[in-house]
Amino acid sequence: MKVDLVFEGGGVLGISFLGAYKALRDSNFDIVRCAGTSAGSVIASLIMAGYGCDELIEVLENTDLKQFLKKTKLSSTFIIGKGLSLLFNKGIYNGQCVEIWIENLLNKKGIHTFKDIMIDNVSPLKIIAADITKRKLLILPDDLDQYGIGPQHFSIAKAVQMSCTIPFFYTPVKQKDSYIVDGGLLSTFPVWIFDIEEKPVRPTFGLKIKDKCSFSSNGKHNIFSYIVDLINASLNRDEMSYVRDKDSVRTIILQNDHQIKSTDFKLTRDDIKYLYQVGYESVIKFLKTWNYSDYIKRFML
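Computed from a predicted model, the values in this text were never measured in an experiment.

Q: Break down the confidence of the model for the chain for me, citing the residues and quoting the values.
A: The pLDDT averaged across the chain works out to 87; a share of 87% of its residues lies at or above 70. The low-confidence segment residues 234–238 (pLDDT under 50) makes two contacts with residues lying over four places distant or belonging to another chain. Predicted confidence for residues 240–244 stays below pLDDT 50, and this span has eight contacts to residues more than four positions away or in other chains.

Right, here's the structure in full:
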């Protein structure tokens with residue numbers, strides 16, 4: 001069966017998406033379109049560039065995740081460099097490390113700009129970013145014309161960097177007069193992105209990492225915990241209520257135990273194996289109960 005995929009953000013937890021992709025291919029699903037936020041934009045772009053499961057596993061095995069902790073000049077120069085880098089660069093680590101890495105991988109497939117993957121002048125790849133200057137959600141390449149840029153000529157690697165720019169962690173991308181950062185700031189799980197009003201041509205599966213429980217639900221009631229819970233609730237409220245209703249039938253929850261943080265780029269081989277297995281096993285479990293007829297009924301409500 002043909003299917004569209006939407007990947008949530010999640011930092012290094014996105015390794016789970018690779019196991020999920022493998023499980024879908026083993027279950028004879030063909031991927032037509034992909035969308036993603038942050039880490040989800042990485043695997044979405046590589047799938048649309050033509051990378052198969054075995055190739056992606058090889059990429060993972062040969063990638064030193066520590067390369068994504070490339071400090072800015074300020075961060076690596078002074079004792080208080082991280083603070084100075086936050087002040088002057090608006091991030092501790094240089095976000096270009098993401099662009100360079102993904103660009104090299106795309107180049108191996110002869111892919112550079114969105115034009116290289118377009119079908120009938122439409123991109124099957126959608127990448128989510130956030131323009132904090134204009135306070136707008138960006139769907140790339142569709143929204144690039146707002147900056148006077150022809151969507152077909154824009155670098156996919158640059159779009160991925162934009163989507164992966166975790167605020168304060170990575171330096172933001174400057175586009176015209178706007179600062180572009182991680183799409184998860186405005187939409188970490190854009191499962192709606194391929195929706196149409198009529199009956200869908202094919203199903204869309206959303207791959208979502210299990211949410212971490214709030215501090216207060218775990219008995220932590222200090223002011224710090226309260227502030228974090230308040231921010232997380234405001235950021236995720238609308239999307240989560242939407243998922244719990246109509247979209248639950250097409251959302252695959254990747255059931256990790258949250259012992260690994262999204263910004264922990266110093267993973268052990270056991271950590272990587274665990275995340276991969278989480279993705280694979282979660283998809284297999286979902287498919288045992290998934291029914292296309294139920295999907296259509298819920299979708300058309």
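Past the structure itself, the notes keep going.
Q: Summarise the packing of helix H1 (residues 15–26) against helix H2 (residues 39–48); cite the residues concerned and give the values.
A: At a closest axis distance of 9 Å, the pairing of H1 and H2 adopts a crossing angle of 40°. When the axes of H1 and H2 are compared, the pair comes out oblique. Two packed elements cross with a definite hand, and for H1 against H2 that hand is right-handed. Counted together, Phe17, Leu18 and Tyr21 of H1 and Gly40, Ile43 and Ile47 of H2 form the full contact between these two elements. Here the contact of H1 with H2 is built from residues that sort into five nonpolar, one polar and no charged.

Q: An account of a nonpolar patch on the surface is needed here, citing residue identities and associated values.
A: Taken together, the side chains of Phe78, Ile79 and Ile80 make up a nonpolar region of the molecular surface, amounting to roughly 400 Å² of accessible area. Topologically, Ile80 is positioned in the loop between helix H4 (73–77) and helix H5 (81–89).

Q: Before we move on, could you go through unusual backbone geometry and cite the residues and values that matter?
A: Residue Pro141 is reached from Leu140 by a cis peptide bond, and omega for that bond is 15°. A positive phi angle is found at Phe168, which is not glycine, with a value near 75°. Its place among the elements puts Phe168 in strand S6 (residues 168–170). For Phe168, a relative accessible area of 60% gives the class exposed.

Definitions and cut-offs
- Residues numbered from 1 in each chain as written.
- Predicted model: local features only at pLDDT ≥ 70, side-chain atom pairs only at ≥ 80, totals over all residues.
- Heavy atoms only, no water.
- pLDDT = per-residue confidence, 0-100.
- Contact = heavy atoms within 4.5 Å.
- Axes fitted to C-alpha atoms, helices over the stretch in contact; angles between N-to-C directions.
- Helix = DSSP H or I, 4+ residues; strand = E, 2+ residues; numbered from the N terminus.
- Parallel < 35°, antiparallel > 145°, perpendicular 65-115°, else oblique.
- Left-handed = near helix turned anticlockwise from the far one by under 90°.
- Nonpolar A, V, L, I, M, F, W, Y, C, P; charged D, E, K, R; others polar.
- Patch = residues over 30% accessible without salt bridge, like charges linked within 9 Å, V, L, I, M, F, W, Y side chains within 5 Å.
- Areas by Shrake-Rupley, 256 points an atom, 1.4 Å probe, with all protein chains shown as cover.
- Salt bridge = Lys/Arg side-chain N within 4 Å of Asp/Glu carboxyl O.
- Buried < 20%, exposed > 50% of the residue type's maximum accessible area, 1.4 Å probe, protein only.

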